[in-house]
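Topology and contacts: notes
Now for the letters of each chain:
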Amino acid sequence: MTETSHPVHHQDHLQWPFFEPQHIELANTLDAWASRQLAHPAQSPGDGSTRSHAHNVDDECRALVKALGRDGWLQHAVAGRAFGGASDAIDTRSICLIRETLARHNGLADFAFAMQGLGSGAISLAGSQVQKNAYLPRVAAGEAIAAFALSEPDAGSDVAAMQCSARVEGDYAILNGSKTWISNGGIADFYVVFARTNEGPGARGISAFIVDATAPGFSVSDRIHVIAPHPLGTLRFDNCRIALTQRIGGAGEGFKIAMRTLDVFRTSVAAAALGFARCALEQAILRATTRKMFQQTLADFQLTQAKLAQMATTIDSAALLTYRAAWQRDQGRSVTKAAAMAKLASTEGAQQVIDAAVQIWGGMGVVSDVPVERLYREIRALRIYEGATEVQQLIIARELLKEAGHVAMK
Ligand SMILES: Cc1cc2nc3c(=O)[nH]c(=O)nc-3n(C[C@H](O)[C@H](O)[C@H](O)COP(=O)(O)OP(=O)(O)OC[C@H]3O[C@@H](n4cnc5c(N)ncnc54)[C@H](O)[C@@H]3O)c2cc1C
């Protein structure tokens, strides 16, 4: 809950031409559901209840996946009506609206939804019928938790430098190496793992595999604690043997599959940032209109009004770029540049909006677990994962220069 029924019009943008009637219905119904079902973990400032790993984030996440599955929201995270999906193709606008709405109410709920989609996205986009049957209905029902394992200790932004390998022996692939920063690492039932199979150099020699958490030779070697706690871990593969039927798509197609998955979910990171920013603006208005000082309220000062105006403008700019990218993908058009612009503008903008909200709250803004303090921690990683801001800048520039007929040097 946003702890207030303050009349900020979150849903005005639903009137924009990017949306169809079912999107408006979806956003409004989910908003009502989230208001009833999701309460932020700590309500009273300074009560010492900052959510930590001691407070069981794993259980909280499992419960959220179950609730999101039970009430049908996870149907939007997978593609194919025959496999429990809400529609036959992934609808980017639905995913974005769901993430924006959940993030506005509860960051961990957004995380739980997003990871079901990101973790199963490769199966939705490129899996066989057998794979889709085996995994997607359980993901959509909240019965199986998914994860996406691309990053490694020495291959983050430079994905193609990955070393985790998969060697084919008869009908099996034998995986060796490690993956790190894996969201849901430790609680996932299966992991979509990208590994080097050497059909070609760099990005052309990578394949994607589904690894069940019970596979022999698979283990979660470490759990990582971050500023906005969520399940996160390092994976190890020691001669981990899986059937070749677990490979998604053809040999050597892994990098392309990873990028196609990220094309959907990169835009949805922008949407999550938007939800955090909207919550921050709501909190800023709440505080500015009630905090008395110098015989008036904080909102009466023009310096405060300038801050609020900038926050609202940043939010609308981010929303326009986010839903432009989502709409563009749903039209079947290339989305690489638009998605990168959306992620860059929305995550960087949200950081500024949230920082301004903390400033408006004054000392109260930095007390553990007040809403703006929580948002301040929550937003930070979004500027780093699924392509850091600098990576998005490079993507945008590369596309621009390509359009101008110039192929940029690496
Ligand atoms: C909370 C969290 C959750 C995550 N979840 C997942 C997950 O579920 N699955 C998964 O596979 N990965 C996940 N990641 C990993 C994430 O995608 C990587 O952290 C990210 O790709 C950056 O890689 P890195 O951390 O190795 O940083 P590095 O690659 O070392 O980059 C460090 C910094 O260098 C800068 N930089 C990068 N490239 C350039 C460039 N070309 N020019 C100039 N500067 C540059 C950027 O500022 C970047 O932040 C997660 C990370 C975090 C923090």
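So, a few notes on the structure that sits alongside this text. Just so you know, these numbers come straight off a predicted model, no measurement behind them.

Notes on the packing of helix α8 (residues 336-361) against helix α10 (residues 389-403)
For the pair α8 and α10, the least separation of the axes is 9 Å and the interaxial angle reads 145 degrees. For the pair α8 and α10, the sense of crossing is left-handed. Here α8 contributes Thr 336, Lys 337, Ala 340, Met 341, Lys 343, Leu 344, Thr 347 and Glu 348 to the contact with α10, which in turn contributes Thr 389, Gln 392, Gln 393, Ile 395, Ile 396, Arg 398, Glu 399, Leu 400 and Glu 403.

Re helix α5 (residues 129-141)
Its 13 residues give α5 an end-to-end C-alpha distance of 18 Å, which sits within 8% of 18 Å, the value for a rise of 1.5 Å per residue. The principal kink in α5, of about 30 degrees, is found at Tyr 135, preceding the proline Pro 137 by one to four residues. The set of residues buried in α5 consists of Gln 131, Lys 132, Tyr 135, Leu 136, Val 139 and Ala 140. Looking at the buried residues of α5, the elements they touch are α2 (57-70), α4 (107-126), β1 (146-149), β4 (190-196), β5 (206-212) and β8 (247-248). Just beyond α5, the residue with positive phi is Gly 142, at close to 75 degrees.

A word on the site of the ligand
Neighbouring residues of the ligand: 19 residues in total, closest Phe 148, Ser 151, Ser 157, Trp 181 and Glu 390. Leu 150 places a polar main-chain atom, nitrogen or oxygen, 2.9 Å from an oxygen atom of the ligand. Within the side chain of Ser 151, one N or O atom sits 2.7 Å away from a nitrogen atom of the ligand. The fraction of the free accessible surface of the ligand (980 Å²) that becomes covered by protein chains is 66%. At the level of secondary structure, the elements contributing two or more residues to the shell around the ligand comprise β1, β3 (172-183) and α10.

Remarks on α2
Residues spaced three or four apart along an α-helix face the same direction, because each turn holds 3.6 residues. Helix length check: α2 (14 residues) gives 20 Å between terminal C-alpha atoms against 20 Å at 1.5 Å per residue, within 8%. Among the residues of α2, Val 57, Asp 58, Glu 60, Cys 61, Leu 64, Val 65, Ala 67, Leu 68 and Gly 69 are the ones counted as buried. Elements that come into contact with the buried residues of α2 comprise α1 (21-37), α3 (92-105), α4, α5 and β6 (218-223). Among the residues of α2, the N-terminal cap falls to Asn 56, whose side-chain oxygen and the backbone nitrogen of Asp 58 are separated by 3.0 Å.

Some details on the packing of aromatic side chains
Across all of its chains, the model carries eight aromatic pairs by this definition. Plain terms: the ring middles of Phe 294 and Phe 301 are 6.0 Å apart, the flat faces sit at 85 degrees to each other, and that makes the pair edge-to-face. One aromatic cluster is present, built from ring pairs that chain together Tyr 191, Phe 218 and Phe 237. Note that Arg 241 overlies the ring of Tyr 172, its terminal NZ or CZ placed 3.9 Å from the centroid. When the ring centre of Trp 361 is taken as reference, the NZ or CZ atom of Arg 287 above it lies at 5.0 Å.

A word on the environment of Glu 199
Relative to the assigned elements, Glu 199 resides in the loop between β4 and β5. Taking relative accessible area as the criterion, Glu 199 reaches 42% and is therefore assigned partly exposed. Sequence-wise, Glu 199 and Glu 253 are 54 residues apart; in three dimensions their C-alpha atoms are separated by 9.3 Å. In contact with Glu 199, other than residues within four places in its own chain, are Arg 204, Gly 205, Ile 206, Ser 207, Ala 251 and Gly 252.

Parameters at a glance
- Residues numbered from 1 in each chain as written.
- Predicted model: local features only at pLDDT ≥ 70, side-chain atom pairs only at ≥ 80, totals over all residues.
- Heavy atoms only, no water.
- Axes fitted to C-alpha atoms, helices over the stretch in contact; angles between N-to-C directions.
- Helix = DSSP H or I, 4+ residues; strand = E, 2+ residues; numbered from the N terminus.
- Left-handed = near helix turned anticlockwise from the far one by under 90°.
- Contact = heavy atoms within 4.5 Å.
- Expected span 1.5 Å × (residues − 1).
- Bend = angle between axes of the 7 residues up to and from the residue.
- Buried < 20%, exposed > 50% of the residue type's maximum accessible area, 1.4 Å probe, protein only.
- Near = heavy atom within 4 Å.
- Polar contact = N/O pair within 3.5 Å; in protein donor to acceptor, adjacent residues only side chain to side chain.
- Areas by Shrake-Rupley, 256 points an atom, 1.4 Å probe, with all protein chains shown as cover.
- Phe/Tyr/Trp six-rings, centres within 6.5 Å; stacked < 30°, edge-to-face > 60°.
- Lys NZ or Arg CZ within 6 Å of the ring centre and 35° of its normal.

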